[in-house]
Amino acid sequence: MPVRLPPLTDPASVVLFEGMVDYAGLYPPAALDMRPAVRNFAHYRASGSGWMLGRFVCPADRLAQFSDIADPLLPRDAGAIPWRLSVTSSGDVSADLTAIATFNERHRVCFDECGAKVDVYEARVSTVADIERLADAVPRDITLYLEVPVNEALDSLIAAVARAGRRAKIRTGGVTTEAFPTAQQVVRFLASCLAHDVPAKATAGLHHPLRGVYRLTYDVDASTGRMFGFLNVLLAGVLLGGGGSEAEAVALLEESQASAFDISEAQIVWHGPEGDRLFGKHALQQVRERLVNSVGSCSFTEPVDESRALGWLP
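Residues numbered from 1 in each chain as written. Predicted model: local features only at pLDDT ≥ 70, side-chain atom pairs only at ≥ 80, totals over all residues. Heavy atoms only, no water.

1. Let's talk about the pattern of salt bridges
The criterion, for reference: Counted as salt bridges are all cases of a side-chain nitrogen of Lys or Arg within 4 Å of a carboxyl oxygen of Asp or Glu. Secondary structure is summarised from DSSP: a helix means a run of H or I of at least four residues, a strand means a run of E of at least two, and numbering begins at the N terminus for each.
As enumerated under the stated definition, the model contains 16 salt bridges in all. For Asp22, the salt bridge identified is with Lys201, shortest N-O distance 3.0 Å. Of the two residues, Asp22 is situated in strand β1 (residues 21–23) and Lys201 in strand β8 (residues 200–203); the sequence distance between them amounts to 179 residues. Each of Asp22, Glu122, Arg124, Glu147, Lys169, Arg171 and Lys201 takes part in one network of salt bridges that share partners.

Here you go:
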């Protein structure tokens, strides 16, 4: 399923961020109950920042619970934009696909033009055989993201995802420092996806626009860790797609100074160690379409509020 992209007449930040954040409020560190997570999603959709919102991320075995709570809030008018969901695997693919089919039939109103629909499925894999099995099992009308480990087998796994005509996923963090890959590993993932023409999703530890040290959970006494910024990840993909080196992409991923970036109506500029890098709107659009389709985050307010505080949103 193609990514819905804004027109190039929109500001550069809109071109890069529209529909970017898949809301994963059910997952740590937010770990909300279903009712507040669903209400949050409805509120975010209706807000002035709703253009940055993507899908609601839900475990497959909680779809029925989502339906019961979301039903009164779902759009019912003909022509309304439906709620889109991305479902994460329970480990039982057959049961998950049955739950998805049941959910989609329950919410199929107005010829799929309103209500809600699961159109994305996410699952972890560790081998080429896992990729082939899941690619065969999941219907083609469901976009499949396969979360691969960033180990020595990475390129062969991405190549297998490409052969299957599916998409890749990278876990970029978690609630412990050990859950975070290195900048070099993230760049290797992006470079491999580009080489094999595989669109991807990045998730976890991406609540903030810029690289920096943040609390790993929302506990008052939480330990801290160095997290990636979603702007860094997206622009590293743009840099690589434009022929930049992996070393320079690592430097961009590690950039933590807001003053190193200028975001205007027409472009984004990174003042890097090798000189200014200019990213025009066409290149920004391409990275969202061909490389980083979305970013999973258990918070929507942090990405929006921090980007706005930096003056990066229209």
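2. Re the packing of helix α5 (residues 128–137) against helix α6 (residues 154–164)
Note the following rule: Between N-to-C directions, angles cover 0 to 180 degrees, with each direction set by a line fitted to C-alpha atoms, over the stretch in contact for helices. By definition in this entry, angles of less than 35 degrees are roughly parallel, angles greater than 145 are roughly antiparallel, angles of 65 to 115 are roughly perpendicular, and the rest are oblique. By convention, the crossing between two helices is left-handed when the near helix turns anticlockwise from the far helix through less than a right angle, and right-handed when the turn is clockwise. We call two residues in contact when some of their heavy atoms are within 4.5 Å. When residues are grouped by polarity, Ala, Val, Leu, Ile, Met, Phe, Trp, Tyr, Cys and Pro land in nonpolar, Asp, Glu, Lys and Arg in charged, and all others, Gly among them, in polar.
Two numbers describe how α5 lies on α6: the axes approach to 9 Å, and their chain directions differ by 20 degrees. By the angle between their directions, the pair α5 and α6 is classed as roughly parallel. For the element pair α5 and α6, the recorded crossing hand is right-handed. Judged by residue contacts, Val128, Ile131 and Ala135 of α5 engage Ser156, Leu157, Ala160, Val161, Arg163 and Ala164 from α6. Residues of the contact of α5 with α6, tallied by class, amount to seven nonpolar, one polar and one charged.

3. Structural notes on the sheet that holds strand β11 (residues 261–263)
Let me state the cut-off plainly: Here, strands pair whenever DSSP counts at least two bridges between them.
Ordered by their spatial adjacency, three strands build an open sheet running β11-β12-β13, and the pairing between neighbours is antiparallel. Either end of the sheet is taken by a strand with one partner, and the two such strands are β11 and β13 (275–280). Taking each pair of neighbouring strands and ignoring which way they run, the sheet shows an average axis angle of 15 degrees. In this sheet, β13 lies alongside strand β12 (residues 267–272) in antiparallel orientation, the contact comprising six bridges.

4. Some thoughts on the side chain of Lys169
In plain terms, the rule: Any pair of N or O atoms that falls within 3.5 Å is considered a polar contact. Within protein, one atom must be able to donate a hydrogen and the other to accept it, and sequence-neighbouring residues count only if both atoms are side-chain atoms.
Among the structural elements, Lys169 can be located in strand β7 (residues 167–171). There is a polar contact of 2.5 Å between the side chain of Lys169 and the side chain of Glu122. Once residues within four sequence positions are removed from consideration, Lys169 is found in contact with Glu122, Tyr145, Leu146, Glu147, Val148, Phe189, Lys201 and Thr203.

5. Notes on unusual backbone geometry
For the peptide bond that leads from Pro28 to Pro29, omega is 5 degrees, which places it in the cis range. With respect to the helices, strands and loops of the structure, Pro29 is situated in the loop between β1 and α2 (34–46). Backbone geometry places Ala31, a non-glycine residue, at a positive phi of 50 degrees. Here Ala31 is to be found in the loop between β1 and α2. Even without being glycine, Ala204 reaches a positive phi, approximately 80 degrees. As for its placement among the helices and strands, Ala204 is situated in the loop between β8 and β9 (212–215).

6. Regarding the pairing of β7
Stated formally: Burial classes: relative accessible area under 20% of the type maximum marks a residue as buried, over 50% as exposed, and values in between as partly exposed (1.4 Å probe, protein chains only). Handedness is read with the strands pointing away from the viewer; a crossover is right-handed when the path from the first strand over the helix to the second is clockwise.
Counting buried positions over the five residues of β7 gives four, a clear majority of the element. Strand direction decides the pairing type here: strand β6 (residues 143–147) and β7, joined by three bridges, are parallel. Residue pairing across strands places Glu147 opposite Lys169, the latter belonging to β7. Crossover β6 to β7 through α6 is right-handed. Sheet analysis places β7 next to β8, joined by four bridges and oriented parallel. Residue Lys169 lies in a different strand from β8, and its bridge partner there is Lys201. Where the polypeptide runs from β7 across helix α7 (residues 183–196) and back to β8, its parallel neighbour, the crossover connection is right-handed.

7. Observations concerning the pairing of β8
Neither face of β8 is exposed, since Ala200 and Ala202 on one face and Lys201 and Thr203 on the opposite face are all buried. As paired strands, β8 and strand β14 (residues 292–297) are joined by four bridges and run parallel to one another. Across the sheet, Thr203 pairs through a bridge with Gly296, a residue of β14.

8. Comments concerning the environment of Glu255
Residue placement: Glu255 occurs in the loop between α9 (246–253) and β11. On the accessibility criterion, Glu255 (15% relative accessible area) is buried. Between the alpha carbons of Glu255 and Gly225 there is a distance of 15 Å; along the sequence they are 30 residues apart. Leaving out residues up to four positions away in the same chain, Glu255 has contacts with Leu210, Arg211, Asn232, Ala260, Phe261, Trp270 and His271. Within the local environment of Glu255, its side chain forms a polar contact with the side chain of Trp270, the two groups lying 3.2 Å apart.

Shape descriptors only; they carry no functional weight alone.
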